[in-house]
Amino acid sequence: MKKKPILLDLYLTFFNIGLFTFGGGYAMLPLLTSRVVETKKWASTDEILNYFAIGQCTPGIIAVNTATFIGYKMSGIPGGIIATLGIISPSVIIILVLANLLNAVIDLEAVGHAFAGIRIAVTALIASSVYKLFLTNANSILKASLTVLAFIAVTFFQVSPIVITLLAAVIGILFLKGGAENG
């Protein structure tokens, strides 16, 4: 079987991820990990988590930023552009089709129920990603404590995620050198 050229492979892979991901960047993590880490071997789990972290800190949509980083890693600027186009193409197509159809059916009770079901599924996907991220990253008392403190700060005290991310970077530099705690 002939191997696809990398740019076509990037586009089709990210098109597929974009086509089957509902609920935003965090809901995309399980599918992204499955395709990019396990199937394609384009990145490690740690790299995906790093791309997600960087994607969270940079302007734009996490899913698009992550696709761009992976595409760039695989094939430079053309790869970044193609992966980005791949991840956004399904959304653009679906939004154009749905915008034309939604006005005709928005008031139907079944449509409201369908959206309620989709929200439940997305919540489950996000919860699964959070659980996996926690198990992967909170593998020491310090990291678990920082994770819980960051969650409390954002959830209950409305501390900006940007502030939390910057503080976490500083703590990582000071206390988590090389991925392991000092002392």
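Just so you know, these numbers come straight off a predicted model, no measurement behind them. Along each chain, the written sequence defines residue order, and numbers are assigned to residues from 1. Thresholds applied to this predicted model are a pLDDT of at least 70 for local features of residues and 80 or more for the giving and counting of side-chain atom pairs; totals over whole chains, interfaces and linings are not thresholded and use all residues. With hydrogens and water excluded, all non-hydrogen atoms of the structure serve as input to the side-chain values.

## Overview of the overall build of the chain
Looking only at helices and strands, one finds 7 helices and 0 strands in the chain. The principal-axis extent of the C-alpha atoms belonging to the chain is close to 60 × 45 × 30 Å. Buried means the residue's accessible area, taken with a 1.4 Å probe over protein chains only, is under 20% of the maximum for its type, while exposed means over 50%, and partly exposed covers the values in between. Across the 183 residues in the chain, those meeting the buried criterion constitute 27%. Sequence separation of 24 or more characterises 55% of the internal contacts of the chain that already satisfy a separation of 6 or more. Surface accessibility of the chain: about 11,700 Å² in total, with carbon and sulfur atoms responsible for 73%. The sign given to each residue is positive for Lys and Arg and negative for Asp and Glu; His and the chain ends receive no count. Here the site of a charge means atom NZ of a Lys, CZ of an Arg, CG of an Asp or CD of a Glu. Each charge sign in the chain was given a centre, from 11 positive and 7 negative side chains, and these centres are 10 Å apart. Elements are defined by DSSP. Helices are runs of H or I of four residues or more, strands are runs of E of two residues or more, and each kind is numbered from the N terminus. Here, residues are in contact when the closest pair of their heavy atoms is within 4.5 Å. For the accessible areas, the method is Shrake-Rupley and the probe is 1.4 Å, while residue cover comes only from the protein chains on display.

## Some points on the side chain of Ser140
With respect to the helices, strands and loops of the structure, Ser140 is situated in the loop between helix 5 (109–137) and helix 6 (141–157). According to the relative accessible area criterion, Ser140 is buried, its value standing at 18%. Contacts described as polar in this section are N or O atom pairs within 3.5 Å, which, within protein, must combine one atom able to donate a hydrogen with one able to accept it, while residues neighboring in sequence count only if both atoms come from side chains. Looking at Ser140, its side chain comes within polar contact range of the main-chain nitrogen of Lys143, at 3.1 Å.

## Regarding the nonpolar core
Remark: nonpolar core denotes a set of buried residues (Ala, Val, Leu, Ile, Met, Phe, Trp, Tyr, Cys) joined through side-chain atoms within 4.5 Å. Ranked by internal contacts, the top residues of the largest apolar core, which has 21 residues, are Phe14, Ile17, Leu32, Val36, Ile48 and Ile70. Every element with two or more residues in this core is listed here: helix 1 (6–19), helix 2 (25–39), helix 3 (45–57) and helix 4 (62–105). No other element matches helix 4, which puts 7 residues into this core. If we skip the residues at most four places from it in the chain, Phe14 touches Leu32, Val36, Trp42, Ala67, Ile70, Ala83, Gly86 and Ile87.

## Describing unusual backbone geometry
Of note, Lys41 is a non-glycine position whose phi angle comes to about 60°, a positive value. Within the fold, Lys41 resides in the loop between helix 2 and helix 3. Take Lys41: its relative accessible area is 63%, and that puts it in the exposed class. Phi at Gln158 is positive, roughly 50°, even though this residue is not glycine. Note that Gln158 resides in the loop between helix 6 and helix 7 (161–175).

## Re the pattern of salt bridges
Between Lys or Arg on one side and Asp or Glu on the other, a salt bridge is scored when a side-chain nitrogen of the former is within 4 Å of a carboxyl oxygen of the latter. Evaluation of the coordinates by the stated rule reveals 2 salt bridges. A salt bridge links Lys40 to Asp9; the nearest nitrogen and oxygen atoms lie 2.7 Å apart. Here Lys40, found in the loop between helix 2 and helix 3, pairs with Asp9, found in helix 1; they are 31 residues apart in sequence, far enough to count as distant. Exposure remark for Lys40: the relative accessible area of 27% places this residue in the partly exposed category.

## Structural notes on the packing of helix 6 against helix 7
Each axis is a line fitted through C-alpha atoms, and for a helix only the stretch in contact is used; angles between axes span 0 to 180 degrees, taken between their N-to-C directions. Two elements in contact, helix 6 and helix 7, have axes whose closest approach is 11 Å; the angle formed by their N-to-C orientations is 165°. Classed by the angle they form, the pair helix 6 and helix 7 counts as roughly antiparallel. The two elements helix 6 and helix 7 meet at a crossing, and its hand is right-handed. Together, Leu142, Leu146, Ala150, Ala153 and Val154 of helix 6 and Ile164, Ile171 and Phe175 of helix 7 make up the contact between the two elements. Here the term charged refers only to Asp, Glu, Lys and Arg, the term nonpolar to Ala, Val, Leu, Ile, Met, Phe, Trp, Tyr, Cys and Pro, and the term polar to all other amino acids, Gly among them. Split by residue class, the contact of helix 6 with helix 7 holds 8 nonpolar, no polar and no charged. Orientation labels follow simple angle bins: below 35 degrees gives roughly parallel, above 145 gives roughly antiparallel, 65 to 115 gives roughly perpendicular, and whatever is left gives oblique. Throughout, a crossing is termed right-handed when the near helix is turned clockwise from the far one, and left-handed when it is turned anticlockwise from it by less than a right angle.

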